[in-house]
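Residue-level structure breakdown
Each chain, written out:
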Amino acid sequence: MKCPFCGHDDTQVVDSRVSEEGESVKRRRRCLACDKRFTTWETVELRMPQVIKSSGTRTAFDEDRLRTSFTRALHKRAVETELVDAAIQRITQKLLALGEREVASRTIGEMVMKELYKLDKVAYIRFASVYRSFQDVDDFRDAIEAVAKPQPKRRRTTAGR
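Residues numbered from 1 in each chain as written. Predicted model: local features only at pLDDT ≥ 70, side-chain atom pairs only at ≥ 80, totals over all residues. Heavy atoms only, no water.

1. A short note on the overall build of the protein chain
A tally of regular secondary structure across the protein chain gives five helices and six strands. Walking the protein chain from its N terminus toward its C terminus, one meets helices and strands in the order β-β-β-β-β-α-α-β-α-α-α. Taking 2.2 N^0.38 as the reference for a compact globule, 161 residues should give roughly 15 Å; the C-alpha atoms of the protein chain span a radius of gyration of 25 Å, well beyond that estimate. When its C-alpha atoms are laid out on the principal axes, the protein chain stretches across 75 × 55 × 30 Å. Across the 161 residues of the protein chain, 27% fall into the buried class. Considering only intrachain contacts with a sequence separation of at least 6, the fraction spanning at least 24 residues in the protein chain is 42%. With the model as given, the accessible surface of the protein chain reaches about 12200 Å², and the carbon-plus-sulfur share is 48%. Taking the average place of the 33 positive charges on the side chains of the protein chain and the average place of its 25 negative ones, the gap between the two points comes to 4 Å. (Helix = DSSP H or I, 4+ residues; strand = E, 2+ residues; numbered from the N terminus. Rg over C-alpha atoms; globule rule 2.2 N^0.38 Å. Buried < 20%, exposed > 50% of the residue type's maximum accessible area, 1.4 Å probe, protein only. Contact = heavy atoms within 4.5 Å. Areas by Shrake-Rupley, 256 points an atom, 1.4 Å probe, with all protein chains shown as cover. Lys, Arg positive; Asp, Glu negative; His and termini not counted. Charge placed at Lys NZ, Arg CZ, Asp CG, Glu CD.)

What follows is the structure, given as structure tokens:
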């Protein structure tokens, strides 16, 4: 950290305190060159990645657009708001965890489809029909058959047996 008074590169942290909310750290510093003291604040900066659309244009990630996608797909479906909020939160966390500066809109669409599949199969089909640009009844039939197939049960394995 450079000293704001003399511009020297070497400063010493004299005291550190976490804010009451726990979201930032206040540090008292002393310049080793001019011996003046100053305060710095340290906070976390989380940035959502830019979304690369299929056209190649870039846009800022917009949680409201994500929510709109869920709302349209779940129109007149009995799914609790808390479950939708949790799904949106999971997608947001996954995007942050990617650590990428940019993400393809396709990636987000696939994440939405996975969450809708867990929430409501009808909403999943609705979203898939638009997202995957279904052209005819056969596309719907294929998607419905894929959803209707019983999923294979996972075998539980016990360690050490």
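Continuing now.
2. Some words on the packing of aromatic side chains
All told, the structure shown has one aromatic pair when counted by the stated rule. For the pair Tyr 117 and Tyr 124, a centre-to-centre distance of 5.1 Å together with 85° between the ring planes defines the contact as edge-to-face. The residue whose ring lies beneath Lys 121 is Tyr 117, and the NZ or CZ to ring-centre distance is 4.2 Å. (Phe/Tyr/Trp six-rings, centres within 6.5 Å; stacked < 30°, edge-to-face > 60°. Lys NZ or Arg CZ within 6 Å of the ring centre and 35° of its normal.)

3. Let's talk about the sheet that holds strand S1 (residues 11-18)
Pairing is antiparallel across the open sheet formed by three strands, whose spatial order is S1-S2-S3. Every interior strand has two partners, whereas the edge strands, S1 and strand S3 (37-43), have only one. Pairs of neighbouring strands in the sheet enclose a mean axial angle of 25°, with direction left out of account. (Pairing = 2+ DSSP bridges. Axes fitted to C-alpha atoms, helices over the stretch in contact; angles between N-to-C directions.)

4. Side note on the packing of helix H1 (residues 63-73) against helix H2 (residues 81-98)
At a minimum axis separation of 11 Å, H1 and H2 run at an interaxial angle of 135°. What the angle tells us is that H1 and H2 run oblique. In this structure, H1 meets H2 at a crossing whose hand is right-handed. Contact with H1, carried on its side by Glu 63, Leu 66, Arg 67 and Phe 70, involves Val 84, Asp 85, Ala 87, Ile 88, Ile 91 and Thr 92 of H2 and no other residues of that element. Counted by class, the contact of H1 with H2 contains six nonpolar, one polar and three charged residues. (Parallel < 35°, antiparallel > 145°, perpendicular 65-115°, else oblique. Left-handed = near helix turned anticlockwise from the far one by under 90°. Nonpolar A, V, L, I, M, F, W, Y, C, P; charged D, E, K, R; others polar.)

5. Quick word on H2
Here H2 spans 26 Å end to end across 18 residues, near enough to the 26 Å set by a 1.5 Å rise per residue. Considered for burial, the residues of H2 that qualify are Val 84, Ala 87, Ile 88, Ile 91, Thr 92 and Leu 95. For H2, the arc enclosing every buried residue in end-on projection is 135°, short of the 170-degree limit, so these residues lie on one face. The exposed residues of H2 that point more than 90 degrees off its buried face are Glu 82 and Ala 97. For H2, the secondary structure elements touched by its buried residues are H1, strand S6 (102-104) and helix H3 (105-119). Looking one or two residues beyond H2, the residue adopting positive phi is Gly 99, at roughly 70°. (Expected span 1.5 Å × (residues − 1). Arc of directions from axis to C-beta.)

6. Things to note about the environment of Ala 86
Inspection of the secondary structure assignment puts Ala 86 in helix H2. The spatial distance from the C-alpha of Ala 86 to the C-alpha of Glu 115 is 9.6 Å, given a sequence separation of 29 residues.

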